[in-house]
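Listed below, chain by chain, are the residues.
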Amino acid sequence: MKHILTSTAVAALVAIGSFASAADLKMSHVRPQDATIDKELRAFSTTVAEATGGDVTITIFPASALGDYTTVQERVSVGAVDMATQPAATGADRRMQISSFPFLASTWDQARAIYGPGGVVRDVMAELYAEQDITMLAAYPVYFGGIALNTDPVNPGDPSQSNGIKVRVPGIKSFQLTGEALGYIPSPIPFSEAFTAIQTGVVDGVIGSGAEGYYASFRDVTKAYIPANTHFEVWYMIISNESLAALDAEDQAALKTAAEAFEATRWTVAEEDQGKWEQRLADELGATVVDLTDEQLAVMATKVRAEVWPQVLEDVGADWGQAILDKIGQ
């Protein structure tokens, strides 16, 4: 009888151990279902499941179904949401504005050097996430940002004077100041209210996204697109330290390896992807895609760096921020 009880106990322990090693992680992102990031994350989920022998499954929640990205980052920090791939939420730490610093990079090669593996901003962001009990698994390069308008552009390559166009900007100081420096009248409006604000004429456009983002969320109210390279949009794949620690060492390693491959692949297609979305705005929506010269882009960048950078540096901590810019060579 004693032998039977022991065997039963062992079997129960094995069953409990098997159950504990399996994890179904919830992953949030901000784009609609079937958007590029949604498809790529579903492929990532399949890769992770295969690499862990089914131990780790990742369920994708598109379209901010688990909350807007600021709320989700807070929930990842406390372990209420396992994972997310999304912009950094500066409300949690104003220093995270360094990730969307306007006109920090001008080319894709520069962007990769700054935000890719070993990049200065990438390493800083990993440290800032770590302070929130979050592990950054990968950076996800999206695009260079631009300006979408539901009206005709007014001197789009000349930021020397106000154009009188009111645009929605995120509630992030760097975007508000950039809008002003480029001649627009910025109005901070939550993303969830932005489409209606344009549709009803409260504002006439948006600053803060890029061609893919405008196509995904604002295509019915986009008549013109200005590829001004306002900022380099990079999202981050993050996981709660609590959720990561719940995985055994082998599964943790497999997850991190899959995330590295996910990022490496994205860097090879992101630039071409940006061009495709700009073309879709023109071909499918009939939007005017403004062709800015290198000289016009340089004038815009110079004005924003001179007027906006000092103010954003004060907001994030002048010495801290300048030290990062110095490492980049700015």
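Residues numbered from 1 in each chain as written. Predicted model: local features only at pLDDT ≥ 70, side-chain atom pairs only at ≥ 80, totals over all residues. Heavy atoms only, no water.

### Description of empty space enclosed by the protein
The line we're drawing: A pocket here means an open set of points on a 1 Å grid, computed over the protein atoms alone, that has protein on both sides within 12 Å along at least five of seven lines. A cavity is instead a set of points where a 1.4 Å probe fits but cannot get out; residues with an atom within 4 Å of a point line either one. Grid points are joined across faces, edges and corners, and a volume is the space filled by probe spheres set on the points. Secondary structure elements are taken from DSSP: a helix is a run of H or I of four residues or more, a strand is a run of E of two residues or more, and numbering for both begins at the N terminus. Amino acid classes used here: Ala, Val, Leu, Ile, Met, Phe, Trp, Tyr, Cys and Pro are nonpolar; Asp, Glu, Lys and Arg are charged; the rest, including Gly, are polar.
Following the criterion strictly, the structure yields 2 cavities of 30 Å³ or more and no others. By volume, the largest cavity amounts to about 60 Å³. As for the largest cavity, its lining consists of T36, I37, Y140, V142, Y143, E212, W235, R266, A270, D273, Q274 and W277. Elements supplying a minimum of two residues to the lining of the largest cavity: α2 (36–51), β4 (134–144) and α10 (249–285). Broken down by element, the residue count for the lining of the largest cavity peaks at 5 residues, all from α10. Among the residues forming the lining of the largest cavity, the class breakdown is 7 nonpolar, 2 polar and 3 charged. Lining the second largest cavity are V154, N155, P156, D158, P159, N163, L182, Y184 and M300. The residue inventory of the lining of the second largest cavity, partitioned by class, reads 6 nonpolar, 2 polar and 1 charged.

### Comments concerning the sheet that holds strand β2 (residues 56–61)
What counts is decided by this rule: Two strands pair under a simple rule: DSSP has to find at least two bridges between them. Helix axes use the C-alpha atoms of the stretch in contact, all axes being lines fitted to C-alpha atoms, and the angles between their N-to-C directions lie in the range 0 to 180 degrees. Residue contacts are defined here by distance: any two heavy atoms, one from each residue, within 4.5 Å place the two residues in contact.
With respect to topology, 5 strands assemble into an open sheet ordered β2-β1-β3-β10-β4, the strand pairing being mixed. The sheet terminates laterally at β2 and β4, the two strands that pair on one side only. Across the sheet, the axes of successive neighbouring strands diverge by a mean angle of 20 degrees, strand direction being ignored. Running at roughly 10 degrees to β4, α10 makes contact with β2, β3 (83–86), β4 and β10 (232–240) of the sheet.

### Looking at the layout of surface pockets
By volume, the largest pocket amounts to about 790 Å³. As for the largest pocket, its lining consists of 38 residues, and the residues nearest its centre are Y69, P87, R168, P170 and F191. By residue class, the composition of the lining of the largest pocket is 21 nonpolar, 13 polar and 4 charged.

### Side note on the pairing of β2
What counts is decided by this rule: Only protein chains enter the calculation, and the probe is 1.4 Å; a residue is then buried if its accessible area is under 20% of its type maximum, exposed if over 50%, and partly exposed in between. Orienting the strands away from the viewer, one traces the path from the first strand over the helix to the second; a clockwise path indicates a right-handed crossover.
Burial along β2 is one-sided: V56, I58 and I60 are buried, while T57, T59 and F61, pointing the other way, are not. Relative to β2, strand β1 (residues 23–29) runs parallel, the two being bridged by 6 bridges. Residue pairing for β2: K26 is matched across the bridge by T59. Of the crossover connections in this fold, the one passing from β1 over α2 to the parallel β2 is right-handed.

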